[in-house]
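Examining the three-dimensional arrangement
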Amino acid sequence: QVQFVESGGGLVQPGGSLRLSCAASGSIFDIYAMGWYRQAPGKRRELVAKVPSGGNTRYADSVKGRFTISRDNAKNTVYLQMNSLEPEDTAVYYCYMVIETVRTQYDAYWGQGTQVTVSS
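Focus on the overall build of the protein chain
Of regular secondary structure, the protein chain possesses zero helices and eleven strands. Order of helices (α) and strands (β) in the protein chain, N terminus to C terminus: β-β-β-β-β-β-β-β-β-β-β. Here the protein chain holds 120 residues, and the buried ones make up 40% of them. In the protein chain, the proportion of contacts linking residues at least 24 apart, taken out of those at least 6 apart, comes to 56%. Of the roughly 6,400 Å² of accessible surface on the protein chain, a fraction of 46% belongs to carbon and sulfur atoms. The averaged location of the 10 negative side-chain charges in the protein chain is 2 Å from the averaged location of its 12 positive side-chain charges.

Side note on the pairing of strand β8 (residues 77-82)
Counting buried positions along β8 gives five out of six residues, so the element sits mostly inside the fold. Hairpin geometry of strand β7 (residues 67-72) and β8 is characterised by an intervening segment of four residues between the two adjacent antiparallel strands and by a positive phi of about 50° at N76.

Structural notes on the packing of aromatic side chains
The tally for this structure, following the rule as stated, stands at five aromatic pairs. Residues Y32 and Y106 carry aromatic rings whose centres are separated by 5.0 Å and whose planes lie at 50° to one another, so their mutual orientation is tilted. Remark: Y106 occurs in strand β10 (residues 105-110) and Y32 occurs in strand β4 (residues 30-39); sequence separation between them is 74 residues. On the basis of relative accessible area, Y106 is assigned to the partly exposed category, the value being 43%. Over the ring of W110 we find R45, and its NZ or CZ is 4.6 Å from the ring centre.

Analysis parameters
- Residues numbered from 1 in each chain as written.
- Predicted model: local features only at pLDDT ≥ 70, side-chain atom pairs only at ≥ 80, totals over all residues.
- Heavy atoms only, no water.
- Helix = DSSP H or I, 4+ residues; strand = E, 2+ residues; numbered from the N terminus.
- Buried < 20%, exposed > 50% of the residue type's maximum accessible area, 1.4 Å probe, protein only.
- Contact = heavy atoms within 4.5 Å.
- Areas by Shrake-Rupley, 256 points an atom, 1.4 Å probe, with all protein chains shown as cover.
- Lys, Arg positive; Asp, Glu negative; His and termini not counted.
- Charge placed at Lys NZ, Arg CZ, Asp CG, Glu CD.
- Pairing = 2+ DSSP bridges.
- Phe/Tyr/Trp six-rings, centres within 6.5 Å; stacked < 30°, edge-to-face > 60°.
- Lys NZ or Arg CZ within 6 Å of the ring centre and 35° of its normal.

Here it is in structure tokens:
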């Protein structure tokens, strides 16, 4: 009953920028946390950035100062602005949300993933 539309990935040169977006629709009473994870080939999925309902953002040390996460509650959307991209940022990026679909029912959802490739 919840659908994600995740977009914004692509191929960029080192130092370039991309903005990822993830919009949720369907049975949504509230979204208590939004975040972005990434997974490179042969590696486990890791947290990139997260913003809970209270607005206290958290970032992986590797992206601090370069990435910015934000959320638009009215649009049920989370964004990830990525600047000064490095080859090490190459991965599939996944949107993550903790959604209250109906009162007192909470579930975690993942987007389908969008490829980010940083290469010269």
